[in-house]
Amino acid sequence: MLLIANKEAWPGFAHTVDMLRSGANSLDAMVAGIGKVESEVKVRSVGYGGWPNMIGDMELDAAVMDGTTRDVGSVGAVPNTLPVARLAHEVMKRLPHVMLTGNGARRFASEIGFPEDDVLFEDSKRVWWERLEKEVAPEDLAKFPNIPLAPLSKAITDPERVRDTTVFLSADAARGIHAATSTSGWAWKYPGRLGDSPIPGAGFYADSRYGAAACTHTGEMTMRCSTSRTIVLAMKLGYSLSDAIKLAVEELNELDTGFLAGVVIHAVDAKGNHEVVNFRCEGEISYWLWEDSMSEPELRAAKQA
Ligand code: GLY
């Protein structure tokens, strides 16, 4: 059994490990662990601790993928709802659909008993508004948000806050290979913007026969390259895990228009190998690893692409 997750998973990783150790279903265990990440305000990228969109509304994205059946449940730009990875799991279990967004996702949440939850954390609200005060002229601020938002979109981007995800991957010979994600998305995003975390093939993909991948950071790049699907498809075509990631990195590297920044790729194969690779993110990137031979999860350093 193998579990990896990015560093932001710290509030829930051990909980997922405990559930896996006691034989829980892998997706149930990852969704429960992500629920703890989503409710921890110190994680400034997911759930309560995350960032609102440009007009100050929280819009959360999350997904799960069962690599054995290739069933997916996904929610995007969901207002006022936590735990959102669990909501994605319920989409997979209860609906003939793969993805719900916005008010439809909120309606579904109410139907199955999720309370309306004001997920905007006071400190996120303060930082959000202070940035607007810096970037928006006083006469526009007085009318805000009834002003054109598109011209603001580039000016207000804060590269420090374009990361915003937690990803979990589990792999087990008997239980299969699965993926789960959750994020508040890009801070000050245009309302309705979806990142890669709810998009199968971009922010995550799993196929128990070959492996799985999930990405953090710049969804605007992994959506253009279908990065997670590329890695799993390459392994299906016979690439090793390392070569599959190299191929995905080459594709990211070919992009030279649009918003370009860093991407971190997390991937596992069906032989029990894993790799976490940092493409262009500044600073050291680390991730959580647990294998059933380990008594405790370990924080490891990602490789540079
Ligand atoms: N990878 C997170 C996002 O782009 O929203």
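Rules of the game
Residues numbered from 1 in each chain as written. Predicted model: local features only at pLDDT ≥ 70, side-chain atom pairs only at ≥ 80, totals over all residues. Heavy atoms only, no water. Salt bridge = Lys/Arg side-chain N within 4 Å of Asp/Glu carboxyl O. Helix = DSSP H or I, 4+ residues; strand = E, 2+ residues; numbered from the N terminus. Buried < 20%, exposed > 50% of the residue type's maximum accessible area, 1.4 Å probe, protein only. Pairing = 2+ DSSP bridges. Axes fitted to C-alpha atoms, helices over the stretch in contact; angles between N-to-C directions. Contact = heavy atoms within 4.5 Å. Core = buried A, V, L, I, M, F, W, Y, C linked by side-chain atoms within 4.5 Å. Near = heavy atom within 4 Å. Polar contact = N/O pair within 3.5 Å; in protein donor to acceptor, adjacent residues only side chain to side chain. Areas by Shrake-Rupley, 256 points an atom, 1.4 Å probe, with all protein chains shown as cover. Nonpolar A, V, L, I, M, F, W, Y, C, P; charged D, E, K, R; others polar. Parallel < 35°, antiparallel > 145°, perpendicular 65-115°, else oblique.

Inspection of the entire model under this criterion finds 18 salt bridges. Its salt-bridge partner being R70, residue D207 comes within 3.6 Å of it at the nearest N-O pair. Here D207, found in strand β7 (residues 204–207), pairs with R70, found in the loop between β2 (60–66) and β3 (71–78); they are 137 residues apart in sequence, far enough to count as distant. Judged by its relative accessible area of 37%, R70 is partly exposed. Residue E220 pairs with R193 through a salt bridge whose shortest N-O separation is 2.5 Å. With E220 in helix α8 (residues 219–225) and R193 in the loop between β6 (176–183) and β7, this residue pair connects regions lying 27 residues apart in the sequence.

For the rest of this paragraph, the subject is the sheet that holds β2. Spatially, 8 strands are ordered β4-β3-β2-β6-β5-β1-β11-β12 in an open sheet, and the strand pairing comes out mixed. Strands with a single pairing partner mark the edges of an open sheet, and in this sheet they are β4 (99–101) and β12 (298–301). Neighbour-to-neighbour, the strand axes of this sheet turn through a mean angle of 15 degrees, independent of strand direction. Its contacts with the sheet put helix α2 (residues 26–38) on β1 (2–6), β2, β5 (166–172) and β6, and the angle it makes with β6 is roughly 20 degrees. Of the strands in this sheet, β3 and β4 touch helix α4 (residues 102–111), which is tilted by about 105 degrees from β4.

Moving on: the nonpolar core. If you look at the biggest cluster of nonpolar residues, it comprises 65 residues, and the most contacted ones within it are L3, I4, F13, V75, F168, V268 and W290. With residues near it in sequence (within four places) discarded, V268 still touches L2, I4, L169, A171, I177, Y210, G211, A212, M235, L241, N273 and H274. Grouped together as the second largest cluster of nonpolar side chains are 19 residues, L241, A248, V263 and V277 included.

Attention now moves to helix α9 (residues 227–236). With respect to burial, α9 is a largely interior element, 7 of its 10 residues being buried. Taken residue by residue, α9 has T227, S228, T230, I231, V232, A234 and M235 as its buried positions. Against β7, β8 (211–217), α8, α10 (241–254) and β9 (263–269) lie the buried residues of α9.

We now examine the site of the ligand. Around the ligand, the structure places 10 residues, and the nearest of them are T165, R193, D196, H217 and G219. H217 is positioned such that a nitrogen or oxygen atom in its backbone is 2.6 Å from a nitrogen atom of the ligand. Contacts to the ligand include G219, whose backbone N or O atom sits 3.0 Å from an oxygen atom. The protein chains hide 98% of the 200 Å² of surface that the ligand would expose on its own. The residue makeup of the shell around the ligand, split by class, is no nonpolar, 6 polar and 4 charged.

Right, let's get into unusual backbone geometry. Of note, the bond from L82 into P83 is cis; its omega dihedral lies within 30 degrees of zero at -5 degrees. Here P83 shows up in the loop between β3 and α3 (84–94). In this structure, P145 follows F144 across a cis peptide bond, with omega equal to 5 degrees. Within the secondary structure, P145 sits in the loop between α6 (138–143) and α7 (150–155). Not every positive phi belongs to a glycine, and A77 is a case in point at roughly 50 degrees. Residue position: A77 is located in strand β3.

In this section: the sheet that holds β7. Two orientations exist for strands paired in a sheet by backbone hydrogen bonds: parallel and antiparallel. Strands sit in the order β7-β8-β9-β10-β13 across an open sheet of 5 strands; the sheet is mixed. Since the sheet does not close on itself, it has two edges, and those belong to β7 and β13 (303–304), each with one partner. Sheet topology note: the β9/strand β10 (residues 274–279) ladder contains 6 bridges and is antiparallel. Bridge pairing links A267 to E275 in β10. Packing against the sheet, α9 makes contact with β7, β8 and β9, and its axis sits at approximately 155 degrees to β8.

In the contact formed by α3 and α4, the axes pass within 11 Å of each other and the chain directions differ by 80 degrees. As the angle between them shows, α3 and α4 are arranged roughly perpendicular. On the side of α3, the interface is formed by L87, E90, V91 and R94, while α4 contributes A105, F108 and A109. In the contact of α3 with α4, the residues fall into 5 nonpolar, no polar and 2 charged.

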